[in-house]
Amino acid sequence: MPAMATAGKASRVLSSAARAPKFTSLRKRAGAAEAKGSRQLGLGGRSAQHKPLELASSITSGSSKVGRSDASFVRDVVVKASDQPAVESSSGMNEKLVTGGFIALWYGVNVAFNLTNKSLFKHFPYPWTVSTVHVLVGTIYCAATYFLGAKSASFGRPVSKKEFGMIFAPASMHALGHIAANLSFAAVAISLTHTVKTLEPVFSAGLQYLLMGQATSLPILASLVPIIGGVAMAVSGDLTFNLVGFLGAMISNLTFGLRAVLSKKTMGTLKDLSSTSLYAYTTLISLIICAPLALIVEGPSLQAGAQAAIESLGAGNFYLRLFAVGMFYHLYNQFAFNTLARVNPVSHGVCNVVKRIIIIGTSVMFFGNILTRQTIVGTAIALAGTALYTELQNKQKLKNN
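Anyway, here's the lowdown on the structure attached to this text. Just so we're clear, the structure is a prediction, and the values are computed from it rather than from any experiment.

1. What about the overall build of the protein?
- When helices and strands are tallied, the protein shows 14 helices and zero strands.
- Element order for the protein, N to C, with α for helix and β for strand: α-α-α-α-α-α-α-α-α-α-α-α-α-α.
- Sorting the 401 residues of the protein into buried and exposed places 39% on the buried side.
- The contacts in the protein between residues at least 6 apart in sequence include a share of 85% that link residues at least 24 apart.
- When the accessible surface of the protein is summed, it comes to about 21,700 Å², and 67% of that surface belongs to carbon and sulfur atoms.

2. Overview of the nonpolar core
- Within the largest apolar cluster, 50 residues are counted, with the highest numbers of intra-cluster contacts made by W106, L120, F124, I167 and F318.
- Top element by residues in this core is helix 11 (residues 275–313). It accounts for 12 residues.
- Grouped together as the second largest cluster of nonpolar side chains are 13 residues, V196, A205, A382 and Y389 included.

3. Description of the packing of aromatic side chains
- Going through the model one piece at a time under the given rule, you end up with 14 aromatic pairs.
- With centroids separated by 6.3 Å and ring planes inclined at 45 degrees, the aromatic side chains of F102 and F335 adopt a geometry described as tilted. With F102 in helix 4 (residues 83–123) and F335 in helix 12 (residues 315–340), this pair connects stretches of sequence that are 233 residues apart.
- Given a relative accessible area of 17%, F335 falls into the buried group.
- Site record: aromatic cluster; members linked through ring pairs are F124, Y126, F318 and Y319.

4. Quick notes on helix 11
- The terminal C-alpha atoms of helix 11, which comprises 39 residues, lie only 37 Å apart, well short of the 57 Å expected from a rise of 1.5 Å per residue.
- At E298, helix 11 shows its largest kink, close to 80 degrees, and the proline P300 lies no more than four residues downstream.

5. A few points about the packing of helix 5 (residues 127–147) against helix 11
- Two numbers describe how helix 5 lies on helix 11: the axes approach to 7 Å, and their chain directions differ by 145 degrees. Between helix 5 and helix 11 lies a crossing whose hand is left-handed. Contacts between helix 5 and helix 11 involve P127, W128, T129, T132, V135, L136, G138, T139 and C142 from the former and A280, T283, L284, S286, L287, C290, A291, L293, A294, V297, E298 and L302 from the latter.
- Considering only residue class, the contact of helix 5 with helix 11 consists of 14 nonpolar, six polar and one charged.

6. What about the pattern of salt bridges?
- A complete count under the given rule lists three salt bridges for this structure.
- A salt bridge links E163 to R157, with the nearest nitrogen and oxygen atoms 3.0 Å apart.
- We classify R157 as partly exposed; its relative accessible area is 22%.
- Ionic contacts of the salt-bridge type, sharing partners, join the residues R157, E163 and D272 into one network.

7. Notes on the side chain of T99
- If you trace the backbone, T99 turns up in helix 4.
- If we ignore the near neighbours within four places in the chain, the residues touching T99 are R342 and V343.

8. Focus on a nonpolar patch on the surface
- Side chains of F241, L243, L247 and I251 sit close together on the surface and give an oily, nonpolar patch of about 370 Å² of accessible area.
- The topology assignment puts L247 in helix 10 (residues 243–266).

9. A short note on the packing of helix 5 against helix 6 (residues 161–187)
- Where helix 5 meets helix 6, the closest approach of the two axes is 9 Å, and the angle between their N-to-C directions is 130 degrees. When the axis of helix 5 is compared with that of helix 6, the two are oblique. Crossing geometry of helix 5 relative to helix 6 is assigned as right-handed. Contacts between helix 5 and helix 6 involve P127, W128, S131, H134 and V135 from the former and H178, I179, N182, L183 and A186 from the latter.
- Here the contact of helix 5 with helix 6 is composed, by residue class, of six nonpolar, four polar and no charged.

Criteria and cut-off values
Residues numbered from 1 in each chain as written. Predicted model: local features only at pLDDT ≥ 70, side-chain atom pairs only at ≥ 80, totals over all residues. Heavy atoms only, no water. Helix = DSSP H or I, 4+ residues; strand = E, 2+ residues; numbered from the N terminus. Buried < 20%, exposed > 50% of the residue type's maximum accessible area, 1.4 Å probe, protein only. Contact = heavy atoms within 4.5 Å. Areas by Shrake-Rupley, 256 points an atom, 1.4 Å probe, with all protein chains shown as cover. Core = buried A, V, L, I, M, F, W, Y, C linked by side-chain atoms within 4.5 Å. Phe/Tyr/Trp six-rings, centres within 6.5 Å; stacked < 30°, edge-to-face > 60°. Expected span 1.5 Å × (residues − 1). Bend = angle between axes of the 7 residues up to and from the residue. Axes fitted to C-alpha atoms, helices over the stretch in contact; angles between N-to-C directions. Left-handed = near helix turned anticlockwise from the far one by under 90°. Nonpolar A, V, L, I, M, F, W, Y, C, P; charged D, E, K, R; others polar. Salt bridge = Lys/Arg side-chain N within 4 Å of Asp/Glu carboxyl O. Patch = residues over 30% accessible without salt bridge, like charges linked within 9 Å, V, L, I, M, F, W, Y side chains within 5 Å. Parallel < 35°, antiparallel > 145°, perpendicular 65-115°, else oblique.

As C-alpha cells, then:
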C-alpha cells in the first residue's frame, strides 16, 4: 500500500509538469491580447485623441479590462453620456420651479392685498387716502432699495425731463385708474369689482381704434361678446351692487385702457429702462397725483376718520395695516412683472384669469359673501371670454410678426 501511494503522488507530479507549458502559453497569449486591446482602446498611450476614451474607461470599477468586449465598453460610454441630458433636464426643472414660485408669490400677495384692503375699508372708508398710501409706501420702498445699491430693483437710472414727461402720461392714467378701482373696492364686494374689470379688453380695443386708428380683427371682437354678456349677467344678479362701485370699476377700465394705449405710443423710445424701473417711476408719479387729490376730496374729514379707525382697531394695528396694504400692493405688481419676464403673453394672460378666479373665490370665503347662481354663471362666462380673448390676441401678434 505505501508503494502504491508513492506511485500515485509521482504520477500527479508528472501530470502537473506536463500541463505547465500549456498554462504558460495561455498566460502569454492573454498578455499579448491585453497589450493589443490597450493599444486599440487608447489605454496604453497618452495622446490627446485617446483621452476621451481613457476618461470613460477610468469611470469604470478599476478592475482589469482584459476579456471585455467592444460592445460592453461602448455601452459604458453611452450610459455615461446619457447623464448629460439628465443634467439639462434638471436645469430646466429648476427654471420651471423658479417661475412657479414667482406665480405663487404673485397670487399669494395679490390675495393678501385684496383681503387686507377690503378689511381696512370697513374701518377706514377713505379710498382716496388709501390709494395714496399704496403708492407712498411703494415709492419709499423704491427709494430705499435705490440708495442701498439695488438700483435694478427700483428706478434703475435717473431720467431726463423729456423721458419723465413721456412716462407721466401713462403713469397719470395708472394713478387715476388705481383710485377708481379703490372707490369700487370700498363700495361693493371684491368679486363684483374683479368681474367688471374683465371688461378692460373691450375698452382697450375701442381706444386703440379711436386714438391710434388700429382696427381689431373680427375674431377678437367676437371674443369680447361673452365678456360683455357675462359681466352684464353677473352685475344684474349681484346682491351688493351699487352705482358707485360699478362706475368706479368702469372708470378704472377706461383709464387703464388709456394707459395701455399711451404706453404703446410713448414707451418705445425708453427701451433701456427695465419694466421694474418703469413701474418704479410710475409709482412715484402716481404719488404726485394721488396725494393732492386725496387732500382735496377727503382732507377735511381725514383726521376724524383716522381717529375713528384708531379707536376701532388700535393705533398700532391701524398703522400696521396701512403699511402692510401698501407693501402688498407694490409687491404683487412687482411679482407680476417678474412673471411676465419669464413667460409668454398668453401664459401671463391665462395666469391673470386664474388670479381673478382665486381672488373672487378667496374673497367670497373670507367675507362670507353670498353669490347668486346668476352671478356665478355670469362671472364664469366673463372669465372664459377673457381667456379666449388673450389666446386670439396672441395668435394675431404672432401672425403679424
